[in-house]
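Listed below are the residues making up each chain.
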Amino acid sequence: MEYIFSDKLSNLKASAIREILKVTNDPSVISFAAGSPAPNAFPVEDIKRFLCDIMDNEPITALQYSITEGYPPLREAVKKRMQTQHNYVPEKDDIVITTGGQQSVELACKIFLNEGDIAVCESPSFVGSLNSAKSYNAKLVGIELDEEGIRADILEKTLEENRNVKLMYLIPNFHNPTGKCMSLERRKKVYELAQRYNVLIIEDNPYGDLRFDGEDIPTIKSMDTDGRVIYCSSFSKIVAPGLRVGFTSTAPEITAKMVACKQASDVHTTMLSQMICARFLTECDMDAHLTRLRAIYRQKYQLMADCIEKEFSSKVTFTKPQGGLFIWATVPEGADVLEFCNRAIAEKVAVVPGNAFMTDDTLPTRCFRMNFSTPTDDQIREGCAILGRISKEMFGE
Ligand SMILES: Cc1ncc(COP(=O)(O)O)c(C=O)c1O
């Protein structure tokens, strides 16, 4: 049979990262390609205790159907935590629990994007979200970043020239893939532009709690006076991605539409996972847990940064993030980053070429992403030595 898939899928391709991750299933490959938490960051003992307790005392709640908005004790715990972070205002916002942060972004795209609408994003950006926008046949316009985040001058010009921009998708904290953090001034400017041109903002913040250096910067959501920010976050990077629990905080008119669509999609997020997250928030010392995670990532980041500094060609530059899971490296002008990544794979080290994160993966880039959270310390040392040798062979000392 010849399958004729919907037009909506015409722009959608399998993620290049997923393809690279297939290679990384080979245990002999050192992978700097993932975006996963460190193996020693998982609170396994807490989760084991919660699981046993849930099965002993509330098995039917865990195994029965439930409501789409989310497990009420989890919604309450998330509201409380989001209120202290100024990302939830009881009089103005509501919370929906979603199946990972990915579903929050996908639902936000689904309820707002018509075919032909423009969605503005940072370029590069998180490919999962770009694919969500693409799957509704929206046109993506990527805007480059400088040291303070998305370039406000280009954003303003884009909004001036394109009056059908419906939303902006932004990752202000420890941006995936660059690791950059948007400055406070830039956040204010972006919000002012969103107001002036009447554009919604999807603020995606899965990494905000993973700051290991410097001071927290207020979210754009915390500045929102007119209900135009759809704040999305997740338990994936701070508890466990396999649980698949995320959430959205935004205006009740928006959450109502998201709930209607989520109902049609997966009815509700897995109850067992939601119950584990609720217990984690209410029974564990979240601050102590995050302090432990930040210490793990600070050490791993520093080790990788030191190894890059020591081993790589001096012509390769790289970002120095204050949190999150990624370093973004740039090869010299005229150099072929794909060749570099392919040579690395041939020597069993995986990094992700920058074009995997572009709105159009044929756009030129000289960058590649390195993840420091998942590899062991020995793998960081060994992998950086191999990448360093290749970089010197290709770009000189
Ligand atoms: C920026 C960004 N948003 C969303 C997600 C999706 O996370 P989740 O596992 O919560 O669906 C990721 C995952 O890597 C991400 O990097």
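The rules behind each value
Residues numbered from 1 in each chain as written. Predicted model: local features only at pLDDT ≥ 70, side-chain atom pairs only at ≥ 80, totals over all residues. Heavy atoms only, no water. 1 Å grid on protein atoms, 1.4 Å probe; cavity = no way out; pocket = protein on both sides within 12 Å on 5 of 7 lines; lining within 4 Å. Points joined across faces, edges and corners; volume = space filled by probe spheres on them. Helix = DSSP H or I, 4+ residues; strand = E, 2+ residues; numbered from the N terminus. Salt bridge = Lys/Arg side-chain N within 4 Å of Asp/Glu carboxyl O. Buried < 20%, exposed > 50% of the residue type's maximum accessible area, 1.4 Å probe, protein only.

Chemist: Mind showing me how you'd approach empty space enclosed by the protein here?
Modeler: Rolled over the atoms, a probe sized like a water molecule indicates the empty space that remains. This structure, assessed with the given rule, holds one cavity of 30 Å³ or more. In this model, the largest cavity occupies a volume close to 50 Å³. Looking at the largest cavity, the residues that line it are V105, C109, A119, C121, S129, L130, A133, L140, L167, Y169 and I202. At the level of elements, α5 (100-112), β3 (118-122), α6 (127-134) and β7 (165-170) are the ones that each hand at least two residues to the lining of the largest cavity. Examining the composition of the lining of the largest cavity, we find that three residues originate from one element, α6, more than from any other.

Chemist: What is the right way to read the pattern of salt bridges from this model?
Modeler: Any two side chains of opposite charge can pair if their charged atoms end up close together. For the structure on display, the rule yields 34 salt bridges. For the salt bridge of D46 with R49, the shortest nitrogen-to-oxygen distance reads 3.0 Å. In this pair, D46 and R49 both sit in helix α2 (residues 44-57), three residues apart, roughly one turn of the helix. Assessed through its relative accessible area of 22%, D46 is described here as partly exposed. For E192, the salt bridge goes to K189, with nearest N and O atoms at 3.8 Å. Remark: K189 and E192 occur in helix α8 (residues 184-196); sequence separation between them is three residues, near one turn of the helix. E192 sits in the partly exposed class, given a relative accessible area of 35%.

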